[in-house]
Amino acid sequence: MEQLLYLSALFDLYGALLTEKQQECLRMHLFEDFSLSEIGEELGISRQAVYDNIHRSQKAMEAYEEKLGLAHRYQEERQELAKIYESIEGLRQPGNEAAVTEVLDRLAPFLGRSQEVSL
């Protein structure tokens, strides 16, 4: 399961750099949960060709990640932003709630959070 999440993250970052056929195979495999046989049937290629296509795509995306490090950097940035978010939340005191909420509201989209208004 963790491998599928990792591949999905790589696909989000590097999928556009793959061929159309590679993108299609990976999309069906990762997001539509098609088996190799089902993908082959849908695309009119053998199960082995699908496997090879997915394997080459994975290797290509891992090579891009090794050189560019975008997934690693993204994960580190999200972790650091989460720490900053929690630190700012800790600064909330009577009289500065609105200012803290404003900063957290601006930070929340980068963390995939929605900030609730506290009264």
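Note that the coordinates shown come from a computational prediction; the quantities given were computed from them, not determined experimentally. (Residues numbered from 1 in each chain as written. Predicted model: local features only at pLDDT ≥ 70, side-chain atom pairs only at ≥ 80, totals over all residues. Heavy atoms only, no water.)

Trainee: Give me the lowdown on helix 1 (residues 2-14), citing residues and values where you can.
Mentor: Its 13 residues place the ends of helix 1 18 Å apart at the C-alpha level, agreeing with the 18 Å of an ideal helix rising 1.5 Å per residue. Every buried residue belonging to helix 1 is among Leu7, Ser8, Leu10, Phe11 and Tyr14, and all of these are buried. Across the axial projection of helix 1, the buried residues extend over an arc of 165°, all falling on one side. Residues of helix 1 that are exposed and point over 90 degrees away from its buried face: Glu2, Leu5 and Asp12. Residues of helix 1 that are buried make contact with helix 2 (20-31), helix 4 (47-68) and helix 5 (70-90). (Helix = DSSP H or I, 4+ residues; strand = E, 2+ residues; numbered from the N terminus. Expected span 1.5 Å × (residues − 1). Buried < 20%, exposed > 50% of the residue type's maximum accessible area, 1.4 Å probe, protein only. Arc of directions from axis to C-beta. Contact = heavy atoms within 4.5 Å.)

Trainee: Residues and numbers for a negative patch on the surface, please.
Mentor: Among the surface-exposed residues, Glu32, Asp33, Glu38, Glu41 and Glu42 lie close enough to one another that they form a single negatively charged patch. Tracing the sequence through the fold places glutamate 41 in helix 3 (residues 36-43). (Patch = residues over 30% accessible without salt bridge, like charges linked within 9 Å, V, L, I, M, F, W, Y side chains within 5 Å. Areas by Shrake-Rupley, 256 points an atom, 1.4 Å probe, with all protein chains shown as cover. Salt bridge = Lys/Arg side-chain N within 4 Å of Asp/Glu carboxyl O. Lys, Arg positive; Asp, Glu negative; His and termini not counted. Charge placed at Lys NZ, Arg CZ, Asp CG, Glu CD.)

Trainee: I'd like a description of the domain arrangement of the protein, backed by residues and values.
Mentor: Here the protein is partitioned into domain 1 (1-68) and domain 2 (73-111). Its C-alpha centre places domain 1 at a distance of 35 Å from the equivalent point of domain 2. (Domains from an automatic or database assignment.)

Trainee: Report on the packing of aromatic side chains, specifying residues and quantitative values.
Mentor: Per the stated rule, a full pass over the model turns up 2 aromatic pairs. Ring centres of tyrosine 14 and tyrosine 64 lie 5.8 Å apart, and the angle between their planes is 40°; on these two criteria the pair is classed as tilted. Of this pair, tyrosine 14 sits in helix 1 while tyrosine 64 sits in helix 4, and the two are 50 residues apart along the sequence. Tyrosine 64 gets classed as partly exposed once you look at its relative accessible area, which sits at 29%. (Phe/Tyr/Trp six-rings, centres within 6.5 Å; stacked < 30°, edge-to-face > 60°.)

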